[in-house]
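Geometric and topological summary
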Amino acid sequence: MKSIQYFKILKEAFVTVWKNKFLWLFGFFVILGSAGSSINIKNSESDSEVLPSQLISFFQDNPMVAVFAVLAFLFLILALFLLRLVGTAAIVKSANNIKVYRQSKIRKIISETKKYIWRLFLLEVFVGIALALLAIILFVPIAQLFVLKAYALGILSLIGAAAIMLGLIVISFFLIKYGIFYIILTNMKLRQSLESAYSLFRKNIKESLLMAAILFVLNIFAFILFLTLLTFISIAFIPLVLIAFLVFAKTGVIIILTVALIIILTMTFFLSSIFAAFMQTAWLLFFKQIAADKNDEEKFAEKLAAENKIPSPEVI
């Protein structure tokens, strides 16, 4: 295993993000955009039977409204997805040459990401579709085994397919992760970025998995700290809720709970934005180290060196 100073990478990423607070805004883009993938329409248990029928009746009576609602929902999902890509590209572009981009305007940095968005979009879509098709190929025959009541063979096949699928998910993760860096840092085309990403991962499997494990543990640790902070805030608001109830009854409770919710949401987005910028920067520093460590990565090193040249003040 190559001598990679993981702690130094994490420390440098933290210092970079902490000293350059404009990266927090791009981290917010990433967090807000990531929320698009988790948007869900769920009904409460009490409305599980009433609400769907009401919606169906309403949409049947107003078909144009139904079409507009669906299109608006899809547009929102797409807009949030693109916002995440813009935030990711902006963090990578800025953190890669922080001395230059800390002097740039936010609008200019966002403008520079436009030329990468389409390829980043296709990268994630292509890998996602390929992964979904492979999952279908793997699990549909297994489902047929269970239909035929071949349970023993079905269970064994399911375990094997799950192991294969897990490996494919890991490979897909690094194809996207490294592919993003190749597209943004060296302006590679989609196919070339995928090939380079796979080659880099294949040559650095242990290092890549270790980095992912370290950041995963760091994610868990950060989540625990956040829950602890959230618990303290909740406890601090309990006396206020009791006082508000005694003085203003339900109205006071609603006001205090609303304030608490606003504070919690603000804190959540604020801390998550910083952490998202930190994570992306850490991956970038790790990527640059393993990509520049191979003799056959000379082209990448040359392009990266050209990217890091400080332009004239007129350019900024």
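Residues numbered from 1 in each chain as written. Predicted model: local features only at pLDDT ≥ 70, side-chain atom pairs only at ≥ 80, totals over all residues. Heavy atoms only, no water.

A count of helical and extended segments in the chain gives 10 helices and zero strands. The helix and strand sequence of the chain, counted from the amino end, reads α-α-α-α-α-α-α-α-α-α. Burial statistics for the chain: of 316 residues in total, 36% are counted as buried. Residue pairs at least 24 apart in sequence account for 80% of intrachain contacts in the chain once pairs closer than 6 positions are excluded. Of the roughly 19,300 Å² that the chain leaves accessible, carbon and sulfur atoms contribute 73%. (Helix = DSSP H or I, 4+ residues; strand = E, 2+ residues; numbered from the N terminus. Buried < 20%, exposed > 50% of the residue type's maximum accessible area, 1.4 Å probe, protein only. Contact = heavy atoms within 4.5 Å. Areas by Shrake-Rupley, 256 points an atom, 1.4 Å probe, with all protein chains shown as cover.)

Where helix α4 (residues 63-96) contacts helix α6 (residues 106-147), the axes come no closer than 8 Å and their chain directions differ by 120 degrees. When the axis of α4 is compared with that of α6, the two are oblique. In this structure, α4 meets α6 at a crossing whose hand is right-handed. Where α4 abuts α6, its residues L78, F81, L82, R84, L85, V86, A89, A90, K93 and S94 lie against I109, I110, E112, T113, Y116, I117, L120, F121 and E124. (Axes fitted to C-alpha atoms, helices over the stretch in contact; angles between N-to-C directions. Parallel < 35°, antiparallel > 145°, perpendicular 65-115°, else oblique. Left-handed = near helix turned anticlockwise from the far one by under 90°.)

The next subject is the side chain of S193. Here S193 lies in helix α8 (residues 190-203). In this structure S193 comes out as buried when scored by relative accessible area, which is 0%. A distance of 2.6 Å separates the side chain of S193 from the backbone oxygen of L190, its partner in a polar contact. The residues contacting S193, other than those within four sequence positions of it, are G179, Y182, I183 and M188. (Polar contact = N/O pair within 3.5 Å; in protein donor to acceptor, adjacent residues only side chain to side chain.)

The tally for this structure, following the rule as stated, stands at three salt bridges. Where R84 meets E124, a salt bridge forms, and the shortest distance between an N and an O atom there is 2.7 Å. Note that R84 is positioned in helix α4 and E124 in helix α6, a separation of 40 residues in sequence. The buried category is assigned to R84, whose relative accessible area is 17%. Ionic pairing is found between E195 and R191, a salt bridge with its closest N-O pair at 3.2 Å. Highlighted residues: E195 and R191, both in helix α8, separated by four residues, approximately one helical turn. (Salt bridge = Lys/Arg side-chain N within 4 Å of Asp/Glu carboxyl O.)

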